[in-house]
Amino acid sequence: MEEQGDAIRKCGEGQDKDRCPASAPCKSRSPDGGWGWMVALGTFIVNALFFSLPYCFGILFSGFLFENGASSTTTAWIYNLFLLLWNLSMILVNPLCQEFGTRTVGFTCVLMASLGSILSGYAPSVYFLYFSFSVLGGLSTGLSLGIAFSVLPPYYDKNSGKANTLLVAGGPMAQVIFAPLLRYLLDFYGLQGAALIHGAIILNGLVAVSLFHPVRWHLKPWSHEAPQTQHGTLQTLMPRDKASSPAPSVTPRSTQASGASQPAPRNRSVQRLRGSLSGSLSSMASGGSEVSAGLAFLADEGEESTPGDKARGKNVLCRTLLRVGERIRTDVGVLRQCRCVILAVTITLTQTTFLNFIMMLPFVAKAAHHSLEDAARCIALLGVTNLVTRLVVSPLSDCSMFSIRLSVMLGYLLRASGIAVAVLSSELWQLMAAGVVFGLGLGFSLSMFNLAIVHYMGLDNLRPTIGIVGLAGAVGFPTLGPLIGLIRDLTSSYSVSLCVLVALDLLSAALWLLMPAAQARDARRALRHVL
């Protein structure tokens, strides 16, 4: 660990050593471009490929399910088990990437997804889809998307919004590209041929994942002219007016008492913990202007086993599982921070409203005496509006006057307004207007997903927070979704269910009003803990 830290703190290869003060080691900063654009391209490809699985489930398997007499309950369980495992697996992203390496996990997920797609096409029965689609597809999708959303932010500072545009455009593009493509393949090659070609297309994700280099390979030497990042630990806790002032120099009591020279612990977990603490304190003291060697994203590759470890490797699997379990327990600790609770709750609530509104829109159109083709046009218009809004809003986040919190809140309010318009609509143009307004809200809110986590939680907590969001979704989706359906059954009215969705979006916007207070509380708690 000490050798790795020394190597990271050195100047880049070929760097003029005279530019670095002799009294202090060179600091490093994010590349803010360069290979980061290739990483952004890789995240776009991964998102497009893996979002094709949930978006195109109905297109690929509706005929197979109908021919085999699958009930609506069975179909719903296959799809919702996929969503459940998708969200649950996101809590494993950080532990598995630290244990085995980001690209190793990514390659495995691509192979799993490709195999799951191919096996689903050759499924001998409906129940086989529980394994091929729900288990293989759900686990691989959650892990891959968690990697894609966490691998890009460390590469960027001032251009993070522009790079994020590629990341968030992958999902809508999957809806635009794969839906007609798979429909065409089904018509010409049948289910088996379409699934086989789809699985082969997913294998292109191997090329995309290979672009996910560890950021430490591309760090740039820090200079006074370099842009000042706001991803440091203290910056994420303080409001802008307080975060702009110099942070006090903070030293743990244990360090003050024991002095600078301490023997390195033999336990590798303790070494990682000490390195992470040192990196966080360094980031707090310096205002986050350099990329610390102790940050989590610099230690995302699996450690090599020493000869002694291999000699004692009789229980390698058990030790690996214990380390993964320990990291999961550590990651869950971010729930102590109010900012993380607000992020997890609001994302879960709004994702529930999104999925249920898309699901209910055809039924609402039919109840208003419109055809399914009219409902399909509304959904397509919603998707196009969502994509265009993401492409416009995400680059704007690089502007100094842009507020991530206001963008998210505006998105939630627009989504609530779009659903309200759908409740009151009787004409087709009104229903289409509801789709446009809701698509605008999706673009404003979902394009800020990654940027909001980095802004409020910091890079150190990016992967743990993504895992917590997934864990909250795994609890919320199976609970809120059936509850909304139950309300529809009890009231025999889609309008009442839609009003519940409006209330959930408004509640999410209200919770974001509390984000500054949550930042201030977490800042006070963190300073008390350190001092």
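Residues numbered from 1 in each chain as written. Predicted model: local features only at pLDDT ≥ 70, side-chain atom pairs only at ≥ 80, totals over all residues. Heavy atoms only, no water.

**Quick word on the packing of aromatic side chains**
Scanning the entire structure with this criterion turns up 17 aromatic pairs. With a centroid separation of 5.9 Å and an interplanar angle of 70°, the aromatic rings of Phe51 and Trp86 are classed as edge-to-face. Of the two residues, Phe51 is situated in helix α2 (residues 35-55) and Trp86 in helix α4 (residues 72-89); the sequence distance between them amounts to 35 residues. You'll find Phe51 and Trp86 in the same group, each marked buried. A ring pair is formed by Phe57 and Phe61, whose centres lie 5.6 Å apart and whose planes are at 45°; its orientation type is tilted. Linking Phe57 with Phe61, this pair stays in helix α3 (residues 57-67), spanning four residues, or about one helical turn. The exposure class of Phe57 is buried, given its relative accessible area of 6%. Relative accessible area serves as the criterion here: at 3%, Phe61 is assigned to the buried category. Members of the aromatic cluster, connected to one another through ring pairs, are Phe51, Tyr55, Phe57, Phe61, Tyr79, Phe82, Trp86 and Phe133. (Phe/Tyr/Trp six-rings, centres within 6.5 Å; stacked < 30°, edge-to-face > 60°. Helix = DSSP H or I, 4+ residues; strand = E, 2+ residues; numbered from the N terminus. Buried < 20%, exposed > 50% of the residue type's maximum accessible area, 1.4 Å probe, protein only.)

**Section: a nonpolar patch on the surface**
Together, Val384, Val388, Leu391, Val392 and Leu396 give the surface a local cluster of nonpolar side chains, amounting to about 400 Å² of exposed area. When you line up the elements, Val384 lands in helix α17 (residues 372-396). (Patch = residues over 30% accessible without salt bridge, like charges linked within 9 Å, V, L, I, M, F, W, Y side chains within 5 Å. Areas by Shrake-Rupley, 256 points an atom, 1.4 Å probe, with all protein chains shown as cover. Salt bridge = Lys/Arg side-chain N within 4 Å of Asp/Glu carboxyl O.)

**A look at the pattern of salt bridges**
A side chain of one charge can pair with a side chain of the opposite charge when the charged atoms of the two come close. Inspection of the entire model under this criterion finds seven salt bridges. One salt bridge in this structure joins Glu99 and Arg323, with 2.5 Å as the shortest N-O distance. Linking Glu99 in helix α5 (residues 93-100) with Arg323 in helix α15 (residues 316-332), this pair joins segments that are 224 residues apart in sequence. A salt bridge links Arg327 to Glu99; the shortest N-O distance between them is 2.5 Å. Within this pair, whereas Arg327 is found in helix α15, its partner Glu99 is found in helix α5, the two being separated by 228 residues in sequence. For the pair formed by Arg327 and Glu99, the shared burial category is buried. Several salt bridges share partner residues, and in doing so they unite Glu99, Arg323 and Arg327 into one network.

**Examining the nonpolar core**
The biggest cluster of nonpolar side chains holds 84 residues, and the ones touching the most others in it are Phe50, Phe61, Leu65, Ile404 and Trp512. Discounting chain neighbours no more than four positions away, the residues touching Ile404 are Met448, Leu451, Ala452, His455 and Tyr456. Residues Leu349, Phe357, Ala365 and Leu442 belong to the second largest nonpolar core, which totals 25 residues. (Core = buried A, V, L, I, M, F, W, Y, C linked by side-chain atoms within 4.5 Å. Contact = heavy atoms within 4.5 Å.)

**Quick look at helix α22 (residues 494-513)**
Taking 1.5 Å per residue as the helical rise, α22 with its 20 residues ought to reach 28 Å, and the 29 Å between its terminal C-alpha atoms agrees with that figure. Within α22, burial applies to Ser497, Leu498, Leu501, Val502, Leu504, Asp505, Ser508, Ala509 and Trp512. The buried residues of α22 all sit within an arc of 155° when viewed along its axis, so they share a single face. For α22, the secondary structure elements touched by its buried residues are α16 (338-367), α18 (404-424), α20 (449-457), α21 (462-491) and α23 (515-530). The N-cap of α22, judged by a side-chain oxygen 3.2 Å from the amide nitrogen of Ser495 a few residues on, is Ser493. (Expected span 1.5 Å × (residues − 1). Arc of directions from axis to C-beta. Polar contact = N/O pair within 3.5 Å; in protein donor to acceptor, adjacent residues only side chain to side chain.)

**A look at the environment of Leu81**
Looking at the element boundaries, Leu81 is found in helix α4. Setting aside its immediate chain neighbours within four residues, Leu81 contacts Tyr130 and Ser134.

**Observations concerning a positive patch on the surface**
Residues Arg329, Arg336, Arg524, Arg525 and Arg528 make up a contiguous surface patch of positive charge. The dominant element in the positive patch, judged by the number of residues it contributes, is α23, at three residues. Inspection of the secondary structure assignment puts Arg524 in helix α23. (Lys, Arg positive; Asp, Glu negative; His and termini not counted. Charge placed at Lys NZ, Arg CZ, Asp CG, Glu CD.)

**Some details on the environment of Thr74**
Here Thr74 is to be found in helix α4. If we ignore the near neighbours within four places in the chain, the residues touching Thr74 are Val126 and Tyr130.

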